[in-house]
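Structure at a glance
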Amino acid sequence: MSTTTISPGLRQLLGEMREGIPGGRVPARIFNDQEIFDLEQDKLFSKAWCFLAHETEIPKKGDYVVRYIANNSIIVVRDEHGNITANLNMCRHRGNMMCKSEMGNASHFRCSYHGWVYKNSGELIGVPMFKEGYEGQLDRSQWGLVKVRTETYAGLIFGTIDPQAPDLEDYLGGFQFYLDIYLKQGLGGSEVHGPPDHWVAETDWKICAENFSGDGYHTPVAHQFGFHLGYFPSSGSTHSEGWAVNIPNKGHAIGLGHTPGMPAFFGYPDELVEQMHQSLSPEQLEIFSKTRTAVGSVFPNLSFLIQPFSLDPGEPGVRFCTMRLWHPIGPGRMEMWSWCLVPTDASEEYKEAAYKAYTLTFGQAGTFEQDDFENWIKVTRAAGSTMARDVEFPYVMGLERPKLEDFPGPGHAVSPYVTDTNFRNLWSTWLDYLTREE
Amino acid sequence: MTLQAAEVDRETRESIKDFLYRESLALDEQRFRDWLTAFAEDARYEIPVRVTREKLSEWELSPNSRIFDDTKETLEVRVKRLETDFAWSEQPASRTRHFITNILVEPTERADEFRVLSNCLVYRSRGDETTPSLFSAQRRDVVRRDGGGWLIVHRWAALDQAVVNAHNMSIFI
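Residues numbered from 1 in each chain as written. Chains lettered and ligands numbered in written order. Predicted model: local features only at pLDDT ≥ 70, side-chain atom pairs only at ≥ 80, totals over all residues.

Observations regarding the overall build of chain A
What counts is decided by this rule: Put simply, DSSP H or I for four residues or longer makes a helix, DSSP E for two residues or longer makes a strand, and each gets a number counted from the N terminus. The globule rule used for comparison is 2.2 Å times the number of residues to the exponent 0.38, while the radius of gyration itself is calculated over C-alpha atoms. Counting other C-beta atoms within 10 Å of a residue's C-beta gives its exposure: the residue is buried at 20 or more, exposed at 12 or fewer, and partly exposed in between, where C-beta atoms are placed from the backbone. Two residues qualify as being in contact provided that their C-beta atoms, derived from the backbone, are within 7 Å of each other.
For chain A, the count of helices and strands is twelve helices and 21 strands. Over its C-alpha trace chain A gives a radius of gyration of 23 Å, about what one expects of a compact globule, namely 22 Å for 438 residues. The principal-axis extent of the C-alpha atoms belonging to chain A is close to 80 × 55 × 40 Å. Residue burial in chain A is summarised as follows: out of 438 residues, 52% are buried. Taking all contacts inside chain A whose residues are at least 6 apart in sequence as the whole, residues at least 24 apart take part in 67%.

Spelled out as structure tokens, the structure:
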């Protein structure tokens, strides 16, 4: 499948990066480069498990959403049997786009060009002039929509276009333990509050993915207003406290920030905390009960954040949870989807409060979100400049930090929360994909 | 809505138009504290998420997803933020120009409140970027008589883009 040839210059860059990462050096150029983008399309997004949708976006038979894997438009549907299935959004006859809307409900898809009709699960069932034109000589079973392999974990639907990809369980490699903080908020799990915010930005997706792999370091500066005005229950002096955990060679990572003296599970309603004592394991409870901020990413580009926000300075406030997809559409350019996940079994009152906290902080007009993208477009612009092609960034924070041997969760855990440990693993995993021989 | 002229007297219509122009001028001049005074204490400020749907779908503007979902209290949080030295998304500040046109004033069930429809185009220029952000929206406001002036009780603005072509929305519509 791979067609991209790596230029000698790029080969050298990736070779130097391989040598540089263990010592904490990453080249700036990877954050805005056409060749890197092309290689990622071919060797990363065409090989990894890519996030498509949350099951609660398509609750009823016939519900569908249209999403992407690399630059492929994919229809994700709950078929007439209730099964989740995904197909390339392209008519097999002459390639027209089947679904032109972002979401909807349909039992069948009919092409607007020559009228081929497919079941929502992708089987071709209707061909105009089947007798007169094709004289019955078209084997409809051979010309269904192109299938995409899907698997789910706790409501998350992933797809891959690599038939050789390992199972999702293997791919996640234990990161499920940490995903549960977002996905098992209570016995009923989590659901999307509604359709996602959706926008484009002149930003390289990797900057965002790294930030959400546990960049607690930026928070007191990039989001200083939140500390300053008391809306965010942490302080600069203790903000480094907590854990950073990654799954070695898988790329997944999470930062778990603590606020000393804060009660367990603060900001969650009591009934939800009671439910979490049943939905989570003792090891998960031990970690999550202390967590103020959980900022994590499934490699390569799906991220999550739980954090409290309070309109009354000094109060614990309300927890909200966002899930976001950083989808590359060009070097230094991305399309962004951002959802709010709410606990399915929580009261409507809590769901609304959590959603309002989300829109005020991490929706497209969110006060935290605004500042992040303002920084990220500037990083992207600088990384695309000619002098930046020879510049490296330091990833040396926590280089000597030993792994916590008694940490109750899987993966490589270190403390404090503020460290580059997760990012070194992220970029070395990314490099594994880009340099993997067929 | 009928194609015939609304039953609102000319003086009221002109007075509301004048108010909305002054309100948008406060935004364009970055007088955000002044701007807040345009809103009633019980005001709502909403920008729904638009989703591309088939033509006959039940909705295209999400009934439950919002880009802005604000009260006067949360609008004030945003303004307080802009008044700190750490509102990086507006450092340096965006240069905005609000173009408000096609204003229609309709009566409501309350004698002191009017529904105001308008088209709103916001041009935003940032720093040395030569490509501006353009936000085109339909607004449906409800304004309430307040002494000799007006207060916005409800601002509802629906952007025309389903995928918003801007890295953030650090401005107000």
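That covers the picture; the talk isn't over yet.
Let's talk about the overall build of chain B
Looking only at helices and strands, one finds three helices and six strands in chain B. Each helix and strand of chain B, ordered N terminal to C terminal, gives the series α-α-β-β-α-β-β-β-β. The C-alpha radius of gyration of chain B comes to 17 Å, within 12% of the 16 Å expected for a compact globule of 173 residues. Dimensions of chain B, computed from C-alpha atoms along their principal axes, come out at roughly 45 × 45 × 30 Å. Expressed as a percentage of its 173 residues, the buried residues of chain B come to 32%. Once local pairs closer than 6 in sequence are excluded, the contacts in chain B between residues at least 24 apart make up 58%.

Overview of the sheet that holds strand S5 (residues 133-146) of chain B
All names here are of chain B. The following threshold applies: Should DSSP find at least two bridges between two strands, the strands are taken to pair. Axis lines are fitted through C-alpha atoms, for helices just across the contact stretch, and the angle between N-to-C directions can take any value from 0 to 180 degrees.
A sheet is described by the order of its strands in space; here six strands give the open sequence S2-S1-S6-S5-S4-S3, paired in mixed fashion. The sheet is open, and its two edges are formed by strand S2 (61-71) and strand S3 (95-107), each paired on a single side. Geometrically, the sheet is characterised by an average inter-axis angle of 25 degrees between neighbouring strands, direction not taken into account.

Considering the domain arrangement of chain A
All names here are of chain A. Here is the rule we go by: The split of the chain into domains comes from an automatic or database domain assignment. Here the term charged refers only to Asp, Glu, Lys and Arg, the term nonpolar to Ala, Val, Leu, Ile, Met, Phe, Trp, Tyr, Cys and Pro, and the term polar to all other amino acids, Gly among them.
Looking at the assigned domains, one finds that chain A contains domain 1 (50-160) and domain 2 (173-435). For domain 1 versus domain 2, the distance between C-alpha centres works out to 33 Å. Contacts between the two partners involve ten residues from domain 1, matched on the other side by 15 residues from domain 2. Classifying every residue of the side of domain 1 that touches domain 2 by side-chain character gives six nonpolar, three polar and one charged.

Examining unusual backbone geometry
Each neighbour pair has its own omega, and for Phe299(A) with Pro300(A) the value is 0 degrees, a cis peptide bond. Take Pro300(A): it is sitting in the loop between strand S16 (293-298) and strand S17 (302-309). With an omega of 0 degrees, the peptide bond between Gln91(B) and Pro92(B) qualifies as cis. Positive phi outside glycine occurs at Ala154(A), with the angle close to 45 degrees.

Thoughts on helix H2 (residues 34-44) of chain A
All names here are of chain A. Applied cut-off: Relevant arc is that of directions from the helix axis to the C-beta atoms, nothing else.
For H2, the set of buried residues is Ile36, Leu39, Glu40, Lys43 and Leu44. Buried residues in H2, looked at end-on, bunch into an arc of 105 degrees, giving them a common side. Buried residues belonging to H2 abut strand S18 (318-330) and helix H12 (421-435).

Let's talk about the interface of chain B and chain A
At the interface, 33 residues of chain B touch 35 residues of chain A. Contributions of two or more residues to the side of chain B that touches chain A are made by S2 and helix H3 (72-82) of chain B. Across the side of chain B that touches chain A, the residue classes tally to 13 nonpolar, twelve polar and eight charged.

Thoughts on the packing of helix H1 (residues 8-20) of chain A against H12(A)
Residues and elements named next belong to chain A. Put simply, the rule reads: Less than a right angle of anticlockwise turn of the near helix away from the far helix marks a crossing as left-handed, whereas a clockwise turn marks it as right-handed.
It is at 10 Å that the axes of H1 and H12 come closest, and there the two elements cross at 145 degrees. As H1 runs across H12, the sense of the crossing is left-handed. Listed contacts from H12 to Leu14, Met17 and Arg18 of H1 are Leu431, Leu434 and Thr435. Among the residues making up the contact of H1 with H12, the classes are represented as four nonpolar, one polar and one charged.

Structural notes on helix H11 (residues 367-383) of chain A
Put simply, the rule reads: By definition here, a helix of n residues has an expected span of 1.5 Å times n minus one.
Between the first and last C-alpha of H11(A) there are 25 Å, a value that for 17 residues agrees with the 24 Å anticipated at 1.5 Å per step. Most of H11(A) is tucked away: 13 of the 17 residues are buried.

Some details on the packing of H2(A) against H12(A)
Residue and element names in this part refer to chain A. Condition: Angles below 35 degrees are treated as roughly parallel, those above 145 as roughly antiparallel, those between 65 and 115 as roughly perpendicular, and all remaining angles as oblique.
The interhelical angle for the contact between H2 and H12, taken along N-to-C directions, is 80 degrees, at an axis separation of 8 Å. Relative to H12, the element H2 lies roughly perpendicular. Judged by residue contacts, Leu39, Glu40, Lys43 and Leu44 of H2 engage Trp430, Tyr433 and Leu434 from H12.

Focus on the confidence of the model for chain B
Which entries qualify depends on this criterion: One confidence number per residue, pLDDT, is output by the predictor and ranges from 0 to 100.
Per-residue pLDDT for chain B averages 96, and the proportion of residues at 70 or more is 99%. For this predicted complex, the interface confidence score (ipTM) comes to 0.96, while the overall pTM stands at 0.97.

Comments concerning the pairing of strand S2 (residues 50-54) of chain A
Residue and element names in this part refer to chain A. The buried fraction of S2 is high, at five of five residues. Bridging between S2 and strand S11 (residues 156-160) involves four bridges; their strand directions are antiparallel. Within the sheet, the bridge partner assigned to Cys50 lies in S11 and is Gly159.

Here's the deal with the environment of Gly136(A)
Along the polypeptide, Gly136(A) turns up in the loop between strand S9 (124-126) and strand S10 (147-153). Beyond its immediate sequence surroundings of up to four residues, Gly136(A) is in contact with Phe130(A) and Lys131(A).

What to know about the sheet that holds strand S3 (residues 63-69) of chain A
All names here are of chain A. The antiparallel open sheet is built from seven strands, whose spatial order is S2-S11-S10-S5-S4-S3-S6. Only two strands of the sheet have a single neighbouring strand rather than two, namely S2 and strand S6 (103-105). Each neighbouring strand pair of the sheet contributes to a mean axis angle of 30 degrees, computed without reference to strand direction. As judged from the six bridges shared by S3 and strand S4 (residues 72-78), these two strands associate in the antiparallel manner. Across the sheet, the residue bridging to Val65 is Val76, located in S4.

Some remarks on the nonpolar core
All names here are of chain A. What counts here: Residues enter a nonpolar core if they are buried, belong to Ala, Val, Leu, Ile, Met, Phe, Trp, Tyr or Cys, and are joined to the set through C-beta atoms within 7 Å.
Of all hydrophobic cores here, the largest spans 150 residues; its most connected members are Leu52, Ile74, Ile75, Val76, Tyr182, Cys340 and Ala354. It is strand S19 (residues 333-343) that provides the largest number of residues to this core, a total of seven residues. Composition of this core by domain shows at least three residues from each of domain 1 (50-160) and domain 2 (173-435).

Concerning the pairing of strand S4 (residues 113-125) of chain B
All names here are of chain B. The pairing of S3 with S4 spans eleven bridges and is antiparallel. Counted as the bridge partner of Arg95 is Ser125 from S4. Of the strand pairs in this sheet, S4 and S5 are connected by twelve bridges, and their pairing is antiparallel. Bridge pairing links Ser118 to Arg139 in S5.

What to know about the environment of His239(A)
Residue position: His239(A) is located in the loop between helix H7 (224-228) and strand S14 (242-246). Apart from the residues within four sequence positions on either side, His239(A) is in contact with Gly216(A), Thr219(A), Pro220(A) and Ser234(A).

Topic: the environment of Thr361(A)
All names here are of chain A. On the secondary structure map, Thr361 appears in helix H10 (residues 348-361). Residue Thr361 is classed as buried on the basis of its C-beta count, with 23 C-beta atoms lying within 10 Å. Expressed as a C-alpha distance, the spacing of Thr361 and Gly15, which sit 346 residues apart in the sequence, is 40 Å. Contact partners of Thr361, with chain neighbours within four places excluded, come to Phe309, Phe320, Gly366, Thr367, Phe368 and Glu369.

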